[in-house]
Amino acid sequence: QVQLVESGGGLVQAGGSLRLSCAASGRTFSRYYMGWVRQAPGKEREFVAAISRSGGITDYANSVKGRFTISRDNAKNTVYLQMNSLKPEDTAAYYCAAWFTRRDSIDYWGQGTQVTVSS
């Protein structure tokens, strides 16, 4: 069992930055791929970023590529999402996710943290 707890959301002006953190419980954190998914009001859930078990491979949605950076610290059981040059369209609830095999088969979700970008 893995529990995920996000933090770091908040209100920021367009062009600003935020760093989200996701702390995981359990001893098996390094065995999971990790990622971030967001959902804006009235919209479907959207993949944002993913990182491999060792952290050596990352993947991003086109909408955030070049602005967001995902990283992980397996010693601290934590995954991060550095968000720069934020835009109002980045406003959403951001969820941390963990999966063992496939990104479309998430094993664990966090409770979410709200990011609001004002124009």
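Residues numbered from 1 in each chain as written. Predicted model: local features only at pLDDT ≥ 70, side-chain atom pairs only at ≥ 80, totals over all residues. Heavy atoms only, no water.

What to know about the pairing of strand E3 (residues 18–24)
So, point 1. Taking burial as the measure, the 7 residues of E3 include 5 buried ones, the bulk of the element.
So, point 2. Alignment of E3 against strand E8 (residues 78–83), held across 6 bridges, turns out to be antiparallel. In the sheet register, Leu-20 faces E8, and the bridge partner there is Leu-81. (Buried < 20%, exposed > 50% of the residue type's maximum accessible area, 1.4 Å probe, protein only. Helix = DSSP H or I, 4+ residues; strand = E, 2+ residues; numbered from the N terminus. Pairing = 2+ DSSP bridges.)

Some remarks on the state of the cysteines
So, point 1. Counted by the stated rule, this structure contains 1 disulfide.
So, point 2. The partner cysteine of Cys-22 in its disulfide is Cys-96, sulfur to sulfur 2.1 Å. Residues Cys-22 and Cys-96 share a disulfide whose torsion about the S-S bond is about -85°; that sign makes it left-handed. Linking Cys-22 in strand E3 with Cys-96 in strand E9 (residues 92–99), this pair joins segments that are 74 residues apart in sequence.
So, point 3. With relative accessibility at 0%, the residue Cys-96 sits in the buried group. (Disulfide = S-S within 2.5 Å.)

Comments concerning the packing of aromatic side chains
So, point 1. For the coordinates displayed, the defined rule picks out 4 aromatic pairs.
So, point 2. Cluster of aromatic residues (ring-pair linked, three or more members): Tyr-32, Phe-100 and Tyr-108.
So, point 3. Here Arg-45 stacks its cationic end above the ring of Trp-109, 4.5 Å away from the centre of that ring.
So, point 4. For the cation-ring pair, Arg-103 lies above Phe-47, with the distance from its terminal atom to the ring centre recorded as 3.7 Å. (Phe/Tyr/Trp six-rings, centres within 6.5 Å; stacked < 30°, edge-to-face > 60°. Lys NZ or Arg CZ within 6 Å of the ring centre and 35° of its normal.)

What to know about the pattern of salt bridges
So, point 1. A full pass over the atoms with the stated rule returns 5 salt bridges.
So, point 2. As a salt-bridge pair, Glu-46 and Arg-38 come within 2.8 Å of each other at their nearest N and O atoms.
So, point 3. Given the relative accessible area of 5%, Arg-38 is considered buried.
So, point 4. Note that Asp-90 is salt-bridged to Arg-38, the shortest N-O span being 2.9 Å. Of this pair, Asp-90 sits in the loop between E8 and E9 while Arg-38 sits in strand E4 (residues 33–39), and the two are 52 residues apart along the sequence.
So, point 5. Here Asp-90 falls in the buried class, since its relative accessible area comes to 1%. (Salt bridge = Lys/Arg side-chain N within 4 Å of Asp/Glu carboxyl O.)

Notes on the side chain of Arg-38
So, point 1. At a separation of 3.4 Å, a polar atom in the side chain of Arg-38 contacts the side chain of Ser-63.
So, point 2. Discounting residues that sit within four places of it in the chain, Arg-38 has contacts with Glu-44, Arg-45, Glu-46, Val-48, Ser-63, Val-64, Phe-68, Glu-89, Asp-90, Ala-92, Ala-93 and Tyr-94. (Polar contact = N/O pair within 3.5 Å; in protein donor to acceptor, adjacent residues only side chain to side chain. Contact = heavy atoms within 4.5 Å.)

Things to note about the sheet that holds E3
So, point 1. Taken in spatial order, the 4 strands make up an open sheet running E1-E3-E8-E7, and their pairing is antiparallel. In the strand order of this sheet, the two ends are held by strand E1 (4–7) and strand E7 (68–73), each with one partner. For this sheet the average axis-to-axis angle between neighbouring strands, irrespective of direction, equals 15°.
So, point 2. Across 4 bridges, the pairing between E1 and E3 is antiparallel. Directly across from Leu-4, in E3, lies its bridge partner Ala-24. (Axes fitted to C-alpha atoms, helices over the stretch in contact; angles between N-to-C directions.)

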